[in-house]
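# Structural overview
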Amino acid sequence: MLTPETHVDQATGLRQMVNPRPVRAIAVTGGKGGVGKTNVSVNLGVAAAEIGKKVMLLDADLGLANIDVVLGLHPQHDLSHVMRGECSLEDVLVEGPNGMKVIPGASGVQSLAELSPAEHTGLIRAFSELAADTELLIVDTAAGISDTVLSFSRASHEIVVVVCDEPASITDAYAIIKLLNRDYGHQRFRILANMIRSAQEGRELYTKMCRVTDRYLDVTLSFMGAIPFDESVRKAVRAQKPVVQAFPRSKAAQVFRSLAKKIETWPQPSGANGQVQFFVERLIKYSSDYGEMVL
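Below is a short write-up of the structure.

Parameters and conventions
- The written sequence of each chain sets the order in which its residues are numbered from 1.
- Selection of residues for local features in this predicted model requires a pLDDT of at least 70, selection of side-chain atom pairs for listing and counting requires 80 or more, and totals for whole chains, interfaces and linings are taken over all residues.
- The side-chain numbers reported here are obtained from all heavy atoms of the structure, hydrogens and water having been left aside.
- Two strands pair if DSSP finds at least two bridges between them.
- Helix and strand labels come from DSSP, where a helix needs a run of H or I of at least four residues and a strand needs a run of E of at least two; each type is numbered from the N terminus.
- Only heavy atoms matter for contacts: two residues are in contact if any of them lie within 4.5 Å across the pair.
- Axis definition: a line fitted to C-alpha atoms, over the contacting stretch in the case of helices. Angles run 0 to 180 degrees between N-to-C directions.
- The buried label applies to any residue whose accessible area, calculated with a 1.4 Å probe on protein chains only, is under 20% of its type's maximum; exposed applies above 50%, and partly exposed to all values in between.
- For this analysis, a ring pair means two rings from Phe, Tyr or Trp (six-membered ring only for Trp) whose centres lie within 6.5 Å, classed as stacked if their planes differ by under 30 degrees, edge-to-face if by over 60, and tilted for the remaining angles.
- Note on criteria: charge over ring means Lys NZ or Arg CZ within 6 Å of the ring centre, with the direction from the centre no more than 35 degrees off the ring normal.
- Buried residues of nine kinds, namely Ala, Val, Leu, Ile, Met, Phe, Trp, Tyr and Cys, make up a nonpolar core once their side-chain atoms join them within 4.5 Å.
- Under this definition, polar contacts are N or O atom pairs within 3.5 Å; protein pairs additionally need one hydrogen-donor-capable and one acceptor-capable atom, and for neighbouring residues in sequence, both atoms have to be side-chain atoms.
- Multiplying one less than the number of residues by 1.5 Å gives the expected span of a helix.
- Only protein atoms enter the 1 Å grid used here. Points where a 1.4 Å probe fits but cannot escape make up a cavity, open sets with protein on both sides within 12 Å along at least five of seven lines make up a pocket, and a residue lines them when an atom lies within 4 Å of a point.
- Grid points are joined across faces, edges and corners, and a volume is the space filled by probe spheres set on the points.
- In this classification, Asp, Glu, Lys and Arg are treated as charged, Ala, Val, Leu, Ile, Met, Phe, Trp, Tyr, Cys and Pro as nonpolar, and every other residue, Gly included, as polar.

Time to look at the sheet that holds strand β4 (residues 101-103). Ordered by their spatial adjacency, 8 strands build an open sheet running β3-β4-β2-β5-β1-β6-β7-β8, and the pairing between neighbours is mixed. On the outer flanks of this sheet lie β3 (94-95) and β8 (220-228), each paired with one strand and no other. Judged from the 3 bridges that link them, strand β2 (residues 55-59) and β4 form a sheet pairing that is parallel. Looking across to β4, one finds that Leu58 is bridged to Ile103. Contacts from helix α7 (residues 147-155) reach β1 (24-29), β2, β5 (136-140) and β6 (158-163), with the element oriented near 145° to β1. Here helix α12 (residues 251-263) sits on the sheet in contact with β1, β5, β7 (188-196) and β8, set at roughly 150° to β8.

See the structure below:
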């Protein structure tokens, strides 16, 4: 006799056959607001989808979600409706440029550590339904260094820290790296310099970060690249379009395309089962560290 657990195991096996490669989950963070983090998340996703990748973009700002605004989308539902069991994740998904799937964030909802066990279970089930349709999951975290930001970062395979060449940005970027390293043992971070005047300035910014982390932390930083200051980005934001599409020949757009291809050269995630719900399970586990929730 087939038990419910057997059906789940078989379904998981079928999903793994369809999608044998692990889903690569990338958290885009930075600490300070205003560093262009959401713009980076959106344009990386669009550029990756442009070269044929199945991309899912998750707006993980549970306080002030804004990816739908940046892309000019008008979702009828958001992640909070899924958490409450009012609709499926399929109902929430909005199609963005180049077929990229967008999960709108939920403005003003409680932190993940405050969700009920039923809401946790529902969230995992919701993501498992779409497991076979995603190769790259980009998580746009909120500004600041909240528990939720740390949870989303820890659950991801890669952490991209967006930093600008200004003291507040460098300080906040260092702070989130320090927290994730000292408190949770995360050792590898990718530094992405944004709004840079020259390639040399981007390298110098990365060197500044390395100089501080090498002295005080046990981490490995790698230079992901530098996105130039480009007026086309500002114009694209005003038009509610990604610069990759609005101004495809702009310097910023070319860099985003190069970065999307670069992601493909990164090592495959280890220890993942190839499913999106693996990310969600990790997320819930780490979120529980901040509350009294035990699943």
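Here we take up the environment of Glu204. Tracing the backbone shows Glu204 in helix α9 (residues 199-216). Judged by relative accessible area, Glu204 falls into the partly exposed class, the value being 41%. Sequence separation between Glu204 and Asp165 is 39 residues, and the spatial gap between their C-alpha atoms is 9.1 Å.

Here we come to the packing of aromatic side chains. This structure, assessed with the given rule, holds 1 aromatic pair. When the centroid spacing of 5.2 Å and the interplanar angle of 40° are considered together, the rings of Tyr206 and Phe223 count as tilted. Separated by 17 residues along the polypeptide, Tyr206 in helix α9 and Phe223 in strand β8 bring together distant segments of the chain. With a relative accessible area of 15%, Tyr206 lands in the buried category. Lying over the aromatic face of Trp266, Arg190 brings its terminal NZ or CZ to 3.8 Å of the ring centre. The cationic tip of Arg197 hangs over the ring face of Phe229; the distance from NZ or CZ to the ring centre is 4.3 Å.

Our focus in this paragraph is the nonpolar core. Of all hydrophobic cores here, the largest spans 37 residues; its most connected members are Val40, Leu44, Met100, Leu192, Met224 and Phe256. The element contributing the most residues to this core is helix α2 (residues 37-50), with 7 residues. Those residues in contact with Leu192 that lie beyond four places of it in its chain are Val40, Val160, Val161, Val162, Val163, Met224, Gly225, Ala226, Ile227 and Leu259. In terms of nonpolar packing, the next biggest core, distinct from the first, is built from 24 residues, Leu150, Tyr174, Phe189 and Leu217 among them.

We now examine the side chain of Asn194. Within the secondary structure, Asn194 is located in strand β7. Of note is the side chain of Asn194, whose polar atom sits 2.7 Å from the backbone oxygen of Val35.

This part is about α2. Given 3.6 residues per turn, any residue in an α-helix points the same way as the ones three and four places further on. In a regular helix each residue adds 1.5 Å, so 14 residues correspond to 20 Å; α2 covers 20 Å between its end C-alpha atoms and thus fits that length. Burial analysis of α2 places 13 of its 14 residues in the buried class, which makes it a mostly covered element. Backbone geometry just downstream of α2 places Gly52 in the positive-phi region, at approximately 95°.

For the rest of this paragraph, the subject is the side chain of Glu158. Within the secondary structure, Glu158 sits in strand β6. A polar contact of 2.9 Å, which involves the side chain of Glu158, links it to the side chain of Arg190. Residues in contact with Glu158, not counting those within four places in the same chain, are Ala25, Ile26, Ala27, Arg188, Arg190, Trp266 and Pro267.

Before going further, it helps to examine the layout of surface pockets. Unoccupied space between atoms shows up once a probe the size of one water molecule is rolled over them. Taken as a whole, the largest pocket spans an internal volume of roughly 530 Å³. Counting only elements with at least two residues in the lining of the largest pocket, the list comes to α2, β7, β8 and α10 (231-238). Along the lines of polarity and charge, the residues of the lining of the largest pocket split into 13 nonpolar, 8 polar and 8 charged.

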